[in-house]
Amino acid sequence: MSAIQVTVKLFAAYQEAYGVPEMVLKIPKGTPVEHVRDCLISGHPELSKWREVTRFGVNFNFVEPDTLLQDGDEVVLIPPVSGG
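Everything quoted here is computed from the prediction, not taken from an experiment. (Residues numbered from 1 in each chain as written. Predicted model: local features only at pLDDT ≥ 70, side-chain atom pairs only at ≥ 80, totals over all residues. Heavy atoms only, no water.)

Caption draft 1: Fine view of the packing of aromatic side chains. Within the structure shown, the criterion is met by zero aromatic pairs. Taking NZ or CZ as reference, Arg55 lies 3.9 Å from the ring centre of Phe62, over its face. (Phe/Tyr/Trp six-rings, centres within 6.5 Å; stacked < 30°, edge-to-face > 60°. Lys NZ or Arg CZ within 6 Å of the ring centre and 35° of its normal.)

Caption draft 2: The arrangement of the side chain of Thr54 in detail. Along the polypeptide, Thr54 turns up in the loop between helix H2 (33–43) and strand E3 (55–58). In terms of polar contacts, Thr54 uses its side chain to reach the side chain of Tyr14, at 2.8 Å. Among the polar contacts made by the side chain of Thr54, one reaches the main-chain carbonyl oxygen of Trp50 at a distance of 2.7 Å. In this view, Thr54 contacts Tyr14, Arg37, Leu77, Ile78 and Pro79; residues no more than four positions away in its chain are not counted. (Helix = DSSP H or I, 4+ residues; strand = E, 2+ residues; numbered from the N terminus. Polar contact = N/O pair within 3.5 Å; in protein donor to acceptor, adjacent residues only side chain to side chain. Contact = heavy atoms within 4.5 Å.)

Caption draft 3: Inspection of the nonpolar core at higher detail. In terms of nonpolar packing, the biggest core is built from 19 residues, with Val6, Val8, Val36, Leu40, Leu69, Val75 and Leu77 touching the most fellow members. When contributions to this core are tallied by element, the ones reaching two or more residues are strand E1 (3–10), helix H1 (12–18), strand E2 (22–28), H2, E3 and strand E5 (74–78). The contacts of Leu40, once residues within four sequence positions are left out, are Val8, Leu10, Tyr14, Tyr18, Met23, Leu47 and Leu77. (Core = buried A, V, L, I, M, F, W, Y, C linked by side-chain atoms within 4.5 Å. Buried < 20%, exposed > 50% of the residue type's maximum accessible area, 1.4 Å probe, protein only.)

Caption draft 4: Geometry of the sheet that holds E2. Here five strands make up an open sheet; going across it, the order is E2-E1-E5-E3-E4 and the pairing mixed. With partners counted over all chains shown, the strands left at the sheet margins are E2 and strand E4 (61–63), one partner each. Across the sheet, the mean angle from the axis of one strand to that of its neighbour is 35 degrees, orientation sign disregarded. As defined by bridge partners, E1 adjoins E2 across seven bridges and the pair is classed as antiparallel. The residue of E2 that forms the bridge with Gln5 is Lys26. Across the sheet, H2 touches E1, E2, E3, E4 and E5, and the angle it forms with E5 is around 60 degrees. (Pairing = 2+ DSSP bridges. Axes fitted to C-alpha atoms, helices over the stretch in contact; angles between N-to-C directions.)

Here's what the structure looks like:
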């Protein structure tokens, strides 16, 4: 299976945990967007509380967790935002 490259934009809790606004990941072709979330949570387990409430965007469109990623996609992980 060949690898693809996606850019992941990080916001709120994800950005705080990783300390960067975005990262580039190489993942297997046919990977669902929810796998990106799970990879980030495995790197920072404190993010697991956001697992079920994180929404996903791919190329500026909200998508379902099982949406398959393509090479060059821009992925956005959107946890709930608090504050006003």
